[in-house]
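# A structural walkthrough
What follows is the residue order along each chain.
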Amino acid sequence: MLKQLRTASLVIATLHASFAVGETYKIPATKDTTNLGLFSLNQPPVIKVHSGDSVTLETWNSCLHEMVYNKTTPADLAKFYVEHDIQKRRGMHTLTGPVYVEGAEPGDVLEIRILGIELNDFGYNFLSPTQGILSEFIKPRIKYFKYDKKNNTTEFTKGICLHLKPFPGIIAVAPPNDWPEGWPVNIDIPAARPVKGEFNSVPPGPFGGNLDEPELQVGAILFLPVFQKGALVWTGDSHAMQSNGEIDITALETSYKGITLQFIVRKDLKAEGVFDKTKRKGGDVFTWPITENATHWMITGLNVDLFEAMKLTSRNAIDFLVRTQGLSREESYQLLSMVGDFEIAEAVNMIKHVTVHIPKEAFTGPGKKSTLCAGGAFPLKAPVMDMNAVCVPQEGITIE
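Note that the structure is a prediction, hence the values are computed from the model and not measured.

This part takes up the overall build of the chain. Broken down by element type, the chain carries five helices and 24 strands. Scaling as 2.2 N^0.38, a compact globule of 400 residues should have a C-alpha radius of gyration of about 21 Å, and the chain matches this with 20 Å. With respect to the three principal axes, the spread of C-alpha positions in the chain is 55 × 45 × 45 Å. Put simply, the chain has 400 residues, and 58% of those count as buried.

Take the pairing of strand 6 (residues 54-57) next. Here strand 6 shows a buried face lined by Ser 54 and Thr 56 and a second buried face lined by Val 55 and Leu 57. Across four bridges, strand 2 (residues 24-27) lies against strand 6 in parallel orientation. What sits directly across from Thr 24, in strand 6, is Ser 54.

What follows is about the nonpolar core. Core analysis: the largest hydrophobic core is formed by 82 residues, its most contacted members being Val 99, Leu 110, Val 233, Phe 263, Ile 299 and Ile 358. Of all the elements, strand 8 (residues 109-119) adds the most residues to this core, at seven residues. When neighbours within four sequence positions are excluded, Ile 358 is seen to be in contact with Thr 295, His 296, Trp 297, Ile 299, Ala 317, Phe 320, Leu 321, Leu 336 and Phe 363. Residues Met 67, Leu 77, Phe 122 and Tyr 144 belong to the second largest nonpolar core, which totals 15 residues.

Evaluated as defined, the whole model comprises eleven aromatic pairs. Relative to Tyr 144, the ring of Tyr 124 has its centre 6.3 Å away and its plane inclined at 50°; by these criteria the two rings are tilted. Of this pair, Tyr 124 sits in strand 9 (residues 122-127) while Tyr 144 sits in strand 10 (residues 141-146), and the two are 20 residues apart along the sequence. Tyr 144 shares its class with Tyr 124; the two are buried.

Summed over the entire model, instances satisfying the criterion amount to 19 salt bridges. Of the charged contacts in the structure, one is a salt bridge between Arg 266 and Asp 268, with a shortest N-O distance of 2.9 Å. Arg 266 sits in the buried class, given a relative accessible area of 6%. A salt bridge links Arg 323 to Glu 272; the shortest N-O distance between them is 3.5 Å. In this pair, Arg 323 is assigned in helix 4 (residues 306-325) and Glu 272 in the loop between strand 19 (256-266) and strand 20 (290-292), connecting sequence segments 51 residues apart. A relative accessible area of 36% means that Arg 323 is categorised as partly exposed. By relative accessible area, which is 32% here, Glu 272 ends up partly exposed. One continuous salt-bridge network, built from bridges that share partners, spans Glu 272, Lys 279, Asp 284, Asp 319 and Arg 323.

What follows concerns the state of the cysteines. Working definition of a disulfide: a covalent bond connecting the sulfur atoms of two cysteines. With the rule as written, the count across this model stands at one disulfide. Across the disulfide from Cys 161 sits Cys 391; the S-S distance is 2.1 Å. Measuring handedness by torsion sign, the sulfur bridge of Cys 161 and Cys 391 sits at about 85° and is right-handed. Here Cys 161, found in strand 12 (residues 160-163), pairs with Cys 391, found in the loop between strand 23 (352-359) and strand 24 (398-399); they are 230 residues apart in sequence, far enough to count as distant.

Take the environment of Gly 340 next. Looking at where Gly 340 falls in the secondary structure, it is placed in the loop between helix 5 (329-339) and strand 22 (341-346). Separated by 41 residues in the primary sequence, Gly 340 and Ile 299 place their C-alpha atoms 10.0 Å from one another. Filtering out sequence-adjacent residues up to four positions away, Gly 340 remains in contact with Leu 335, Val 356 and His 357.

This part takes up unusual backbone geometry. Cis geometry is adopted by the peptide bond preceding Pro 98, which originates at Gly 97 and carries an omega value of 5°. The residue Pro 98 is located in strand 7 (residues 94-101) in this model. At the junction of Trp 179 and Pro 180, the peptide bond is cis and its omega measures out at 5° in the coordinates. Within the secondary structure, Pro 180 is located in the loop between strand 13 (167-173) and helix 3 (189-192). Even without being a glycine, Leu 64 presents a positive backbone phi close to 55°. In this fold, Leu 64 is placed in helix 1 (residues 62-65). Judged by relative accessible area, Leu 64 falls into the partly exposed class, the value being 28%.

Calculation rules
Residues numbered from 1 in each chain as written. Predicted model: local features only at pLDDT ≥ 70, side-chain atom pairs only at ≥ 80, totals over all residues. Heavy atoms only, no water. Helix = DSSP H or I, 4+ residues; strand = E, 2+ residues; numbered from the N terminus. Rg over C-alpha atoms; globule rule 2.2 N^0.38 Å. Buried < 20%, exposed > 50% of the residue type's maximum accessible area, 1.4 Å probe, protein only. Pairing = 2+ DSSP bridges. Core = buried A, V, L, I, M, F, W, Y, C linked by side-chain atoms within 4.5 Å. Contact = heavy atoms within 4.5 Å. Phe/Tyr/Trp six-rings, centres within 6.5 Å; stacked < 30°, edge-to-face > 60°. Salt bridge = Lys/Arg side-chain N within 4 Å of Asp/Glu carboxyl O. Disulfide = S-S within 2.5 Å.

Structure representation (structure tokens):
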């Protein structure tokens, strides 16, 4: 295990939680702390922490940090994909981790608070002619972007100013041993688990992973079921911003000087589907990822078929409302049809990801729950975005 590095302060934009504040550690991205495209049960932890502790993890961009600003070409990427058997053997994501959380046992829920993100200097969008949702774009291209970190913006082209909203495309605990054959997502086993004990980083699952949920910004919290002792948490696929859908296969891909995550083991929230397969088809919401921010809960559904993903999302959301708000299943179904906003968070990662956004403002009466967070009050605030911020002229180029 690598030497644990303590740091006295969190990265830029760090937010302080009001519950279970513990130690803070820092893990650099190196060849020993990163992995290319695999959640591996054979990889030793980069650090062991306790519930309440925080870890700042440096991340690299995809392809082992080989993306060079304004230089890496689609031909370079194609060569890298062949050399490393990307997609068939592993994903293209560079993952930092895993973090071992003491006391996390299978069936528990891990509360992961996103306290801070500090961007590096540039990002890129890779248009793939084979992996996006449209087949008529047959020529690959990479468009590079330099960030104006003072204004938190980047220029797409002259007259189009983008406001950066960084979030991790991947936060994952170690997948269950029976992923994916024991789960109702209908993906081929070799695509998700090429060999025993190693799992492809591309398809998301009940363990989180490549959810590409744009709402997982600073000030948000992710709840994941625990499948392996210590949870074993990875992060990667760092983004500076993304639309819901990510239709050309990438967003504004980037790397982080640091993403600060706080880990809280929740023994009071049980993921019943970890052991009971009958609870995996919408019978237990805590068996699947849940995202929460100050204003909404986002309930997850995953499947290779978009409609099946939406049905799983609906069943999970119904279970959520029954458990947290005391509604009947019928009332929950009706309420979701009136206030639940269904979004396609991700359409291109083998498995489709549909979320339903449930507004907290609907639940203000006595006995209604306003948060899932430990401590009983939502502890975080998102950074305030200046929508009037200007863009500096773009230095990035497009390479075909």
